[in-house]
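Structural description and commentary
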Amino acid sequence: MTWTVNSCFVTLAILFLWRGEEVAEACSCSPAHPQEAFCHSDVVIRGKVVGVQEVDAGNDIYGNPIKRIKYDIKQIKMFKGPSDDVDAIYTAPTSAVCGVTLEKNGKEYLITGKLKDDGTMHITLCDFIQPWDELSETQKKSLTQRYEMGCGCKITRCTSIPCMVSSPAECLWTDWLIEKKVYGGQAKHFACIKRSDDSCAWYRGSAPPKKEFMDIEDP
């Protein structure tokens, strides 16, 4: 009887540890405004997939092999990142652990991601990754200057009323509240830019912001 009870306890303990590790690896993150994604990423590129394969990435603490998906990339343009072109991107093998699926059909993507210590680029579902043709013209233009100008600002996501800024260097992101979708007008057409007095405000327009500008200006 004692052996049976102890065996059940050990089995439950193993299952608990296994489930705990699985939960820890599960993919969960809040949506980020494209500007935030740009500012918080190590690398931002426009590129397309030219090859894909599953590769070994060492072993976990239990000695089990770790698999990664390697996407061979043709970089078209780098907006932020190292001096060398990115020719490969790595991600987890399934979406359950934040793995990203990219199509190898000539489709071009905007891809944001992190650099590992070995210089390789890695992406997860928490990164901002969109087909290039689905970006607005404002988003495309903002990648070259405007987003970087706002990296000193904080974008606060507003999902319910009341919501308010805690400092002048914040912009309220209200797409979900007003349009009931994550990437609405503010994500597609606005950038949160720091002004000369160090406060931040939403800016819309094709030209670079003037030194002084009003909120939601559209020259």
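Worth saying up front: this structure is predicted, and the values here are computed from it rather than measured.

**Focus: the pattern of salt bridges**
- By the definition in use, this model includes six salt bridges.
- Across the pair Glu103 and Lys107 runs a salt bridge, and its minimum N-O distance is 3.3 Å.
- In this structure Glu103 comes out as partly exposed when scored by relative accessible area, which is 36%.

**Considerations on unusual backbone geometry**
- The step from Ile161 to Pro162 runs through a cis peptide bond, and the omega angle for that step is 0°.
- Although it is not a glycine, Cys98 adopts a positive phi angle of roughly 75°.
- Following the sequence through the fold, Cys98 ends up in the loop between β3 (88-91) and β4 (108-115).
- According to the relative accessible area criterion, Cys98 is buried, its value standing at 10%.

**Considering the nonpolar core**
- Core analysis: the largest hydrophobic core is formed by 15 residues, its most contacted members being Ile45, Ile89, Leu102, Ile111, Met121, Ile123 and Ile129.
- Of all the elements in the fold, those that place two or more residues in this core are β1 (43-59), β2 (65-80) and β4.
- Those residues in contact with Ile45 that lie beyond four places of it in its chain are Ile73, Gln75, Lys77, Met78, Phe79, Val86, Ile89, Tyr109, Leu110 and Ile111.
- Counting residues in each nonpolar core, the second largest holds 14 residues, with Ala37, Phe38, Phe79 and Ala191 among its members.

What counts, and where the lines are drawn
Residues numbered from 1 in each chain as written. Predicted model: local features only at pLDDT ≥ 70, side-chain atom pairs only at ≥ 80, totals over all residues. Heavy atoms only, no water. Salt bridge = Lys/Arg side-chain N within 4 Å of Asp/Glu carboxyl O. Buried < 20%, exposed > 50% of the residue type's maximum accessible area, 1.4 Å probe, protein only. Helix = DSSP H or I, 4+ residues; strand = E, 2+ residues; numbered from the N terminus. Core = buried A, V, L, I, M, F, W, Y, C linked by side-chain atoms within 4.5 Å. Contact = heavy atoms within 4.5 Å.

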